[in-house]
Amino acid sequence: MTNETVAVGLGELHSSKDSTTVLVCYGLGSCIGIAAFDPVTRVGAMAHVVLPDSSMARGSDGRGKFADSAIPALLEEIQALGGSKSGLVVKIAGGAQVLAILGSRSKLDIGARNIEAVRAALDKARIPLAAEDTGGNYGRTMQLVMGSGRVVVSTIGRGEKEL
Amino acid sequence: MTPDEHGALLDVVSAGIDAVSKNLSAMVGQPIEVSASAVSMVPVRSLADFVGGPAAAVVGIYLGVSGDLQGHLILFLVEPQALKMADLLWENLPGTATQLDAGTLSALAEAGNVAGSAFLNTLADRASLVIVPSAPSVLMDMAGAILSVLQAELLLVAEEAMVIETEFSGSVRGVMMLLPDPDSLSKLLLRLRPPA
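Here is a short report on the structure shown in this document.

On a plain count of helices and strands, chain B comes out with five helices and seven strands. Going residue by residue from the N terminus, the α and β elements of chain B occur as α-β-β-β-α-α-β-β-α-β-β-α. Relative to the 2.2 N^0.38 estimate, which gives 16 Å for 196 residues, the radius of gyration of chain B is 16 Å and therefore close to what a compact globule would have. Overall, the C-alpha framework of chain B stretches about 50 × 35 × 25 Å when taken along its three principal axes. Per-residue burial for chain B yields a buried fraction of 55% across its 196 residues. Long-range pairs, those at least 24 residues apart, make up 73% of the contacts in chain B with a sequence separation of at least 6. Of the roughly 8000 Å² that chain B leaves accessible, carbon and sulfur atoms contribute 53%. Counting 8 positive and 21 negative side-chain charges, chain B places the averaged centre of each group 6 Å from the other.

Bringing the pattern of salt bridges into the picture now. It is possible for side chains bearing opposite charge to pair when their charged atoms get close. Residue and element names in this part refer to chain A. In this structure the tally under the stated criterion is seven salt bridges over all chains. The salt bridge partner of Arg63 is Glu77, with a shortest N-O separation of 2.7 Å. In this pair, Arg63 sits in the loop between strand S5 (43-49) and helix H1 (67-80) while Glu77 sits in helix H1, placing the two residues 14 residues apart along the sequence. On the basis of relative accessibility, which here comes to 40%, the residue Arg63 falls in the partly exposed class. A salt bridge links Glu162 to Arg150, with the nearest nitrogen and oxygen atoms 3.0 Å apart. Within this pair, whereas Glu162 is found in strand S10 (residues 160-162), its partner Arg150 is found in strand S9 (residues 150-154), the two being separated by twelve residues in sequence. By relative accessible area, Glu162 is classed as partly exposed at 46%. When its relative accessible area of 39% is taken as the criterion, Arg150 is described as partly exposed.

On to the interface of chain A and chain B, then. Residue-level contacts link 27 residues of chain A with 24 residues of chain B. Between chain A and chain B the total buried area reaches about 2300 Å² when both faces are included, carbon and sulfur atoms providing 65% of it. Summed over the shared surface of chain A and chain B, the result is five residue pairs in polar contact (both at pLDDT 80 or more). Here the side of chain A that touches chain B takes three residues from strand S3 (residues 21-28) of chain A, the largest share from any one element. Tallied by class, residues from the side of chain A that touches chain B come to 13 nonpolar, ten polar and four charged.

All right, on to empty space enclosed by the protein then. Residue and element names in this part refer to chain B. In this structure the tally under the stated criterion is one cavity of 30 Å³ or more. There is about 40 Å³ of room inside the largest cavity. Lining the largest cavity are Ile61, Leu63, Leu73, Ile74, Leu75, Gly112, Ala115, Gly116 and Met176. Listing elements by their share of the lining of the largest cavity, those giving two or more residues are strand S2 (57-67), strand S3 (71-78) and helix H3 (102-127).

Right, let's talk about the packing of helix H2 (residues 79-89) of chain B against H3 of chain B for a bit. Residues and elements named next belong to chain B. It is the contact of H2 with H3, at a shortest axis distance of 10 Å, that shows an interaxial angle of 80 degrees. By the angle between their directions, the pair H2 and H3 is classed as roughly perpendicular. For the pair formed by H2 and H3, the contact residues are Ala82, Met85, Ala86 and Leu89 on the first element and Thr104, Ala107, Leu108 and Ala111 on the second.

Rules behind the numbers
Numbering of residues starts from 1 in every chain and runs along the sequence as written. Chain letters start at A and ligand numbers start at 1, both assigned in the order the entries are written. Per-residue local features are limited, in this predicted model, to residues with pLDDT of at least 70; the limit for side-chain atom pairs, both in listing and counting, is 80 or more; totals at the level of whole chains, interfaces and linings are taken over all residues. Side-chain metrics rest on all non-hydrogen atoms present in the structure, leaving aside hydrogens and water. Helix and strand assignments follow DSSP, with helices taken as H or I runs no shorter than four residues and strands as E runs no shorter than two, numbered in order from the N terminus. Values of the radius of gyration come from C-alpha atoms, whereas the globule rule sets the reference at 2.2 Å times the count of residues to the power 0.38. The rule is simple: take the accessible area with a 1.4 Å probe, protein chains only, and divide by the maximum for that residue type; under 20% is buried, over 50% is exposed, in between is partly exposed. Residue contacts are counted whenever heavy atoms from the two residues lie within 4.5 Å of one another. Here the accessible surface of atoms and residues is derived via Shrake-Rupley with a 1.4 Å probe, and residues count as covered only by protein chains that are part of the display. The charge count treats Lys and Arg as positive and Asp and Glu as negative. His and the chain ends do not count. For the purpose of locating charges, the reference atoms are NZ of Lys, CZ of Arg, CG of Asp and CD of Glu. What makes a salt bridge here is a side-chain nitrogen of Lys or Arg within 4 Å of a carboxyl oxygen of Asp or Glu, nothing more. Accessible area, probed at 1.4 Å, shrinks when two parts are joined; the buried area is that loss added up over both. By the criterion applied in these results, polar contacts are pairs of N or O atoms within 3.5 Å in which, for protein atoms, one can donate a hydrogen and the other can accept it, and in which residues neighboring in sequence qualify only through two side-chain atoms. Nonpolar residues are Ala, Val, Leu, Ile, Met, Phe, Trp, Tyr, Cys and Pro. Charged residues are Asp, Glu, Lys and Arg, and all others, Gly as well, are polar. The rule is simple: put a 1 Å grid over the protein atoms alone, call a set of points where a 1.4 Å probe fits but cannot get out a cavity, call an open set with protein on both sides within 12 Å along at least five of seven lines a pocket, and count a residue as lining if it has an atom within 4 Å of a point. Grid points are joined across faces, edges and corners, and a volume is the space filled by probe spheres set on the points. The convention used is that axes are lines fitted to C-alpha atoms, helices contributing only their stretch in contact, and that angles between N-to-C directions extend from 0 to 180 degrees. Just so you know how the angles are binned, under 35 degrees is roughly parallel, over 145 roughly antiparallel, 65 to 115 roughly perpendicular, and the rest oblique.

Everything listed is a geometric property; what it means functionally is a separate question.
See below:
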């Protein structure tokens, strides 16, 4: 059976209950990939968070764009497909500081702020964080393999690991 | 952007690319002809598509832009093109550089610095603006990872950024991205009005 890859772009949120789907966030830097999988119903979802706080929103933004609003939206999608919040396995990757920009709006490390905001949003929703691969100064690609629920993080020159 | 503004922008980009040619040639001591095959304004969220997608292995040479114009300039070379660029800079036969080691990256950083500064200086001259480039940072990683912090910052204020697809001596393809904040872009466009 061939797997179908679904790319979760900047600020997007995708869900699935198809065992042949692989949800992927490509090239995460300061962004955070959030992978959620319900092992009982085998429903999963992935969000590609860009920024910590939806008070920064302007116009029509993707449902996965902000850490604080991405978590409730992700839960909604999981539940809409018949999944459940209890027993949901959530893993995150990203939040790196690949490019340190000096003297601009980004004086604060957006990656670190994103990690903190995602953790806070999970806490608020009372969802435990099962595993993470965050921080550092390098990019990551995160995959959620719906057939198994496995979450794999790959890098350039730093190998691949399962979370 | 009005057609007039777009025309003025294309005009200054073309002058900027000529300056890149001149300065890179002076740096290497050999003529390096640089041309812009396409100049476009593209949505910030899809910038990585111009360099092989967010997971593509690339070298990015980054210059912060401050002064009257605030923003970022990056020259991207996907890995095979980065090696070809190193051969071009060192006047080696194509295929000589096989690794992006420290020496290679430092040569690419210097070339990116010279190219980026030449381009920004042209913009500054034409628009009578003070534009101050930072020292270069050279990065080797996934395109999306390098861009993400810039996208995060820019997505709060802007829809589009400028992508200049370039060719060096007809053989090496690179992509230059200018990501100005919207106020800076307006200022630039206003100052680029055709001379009376």
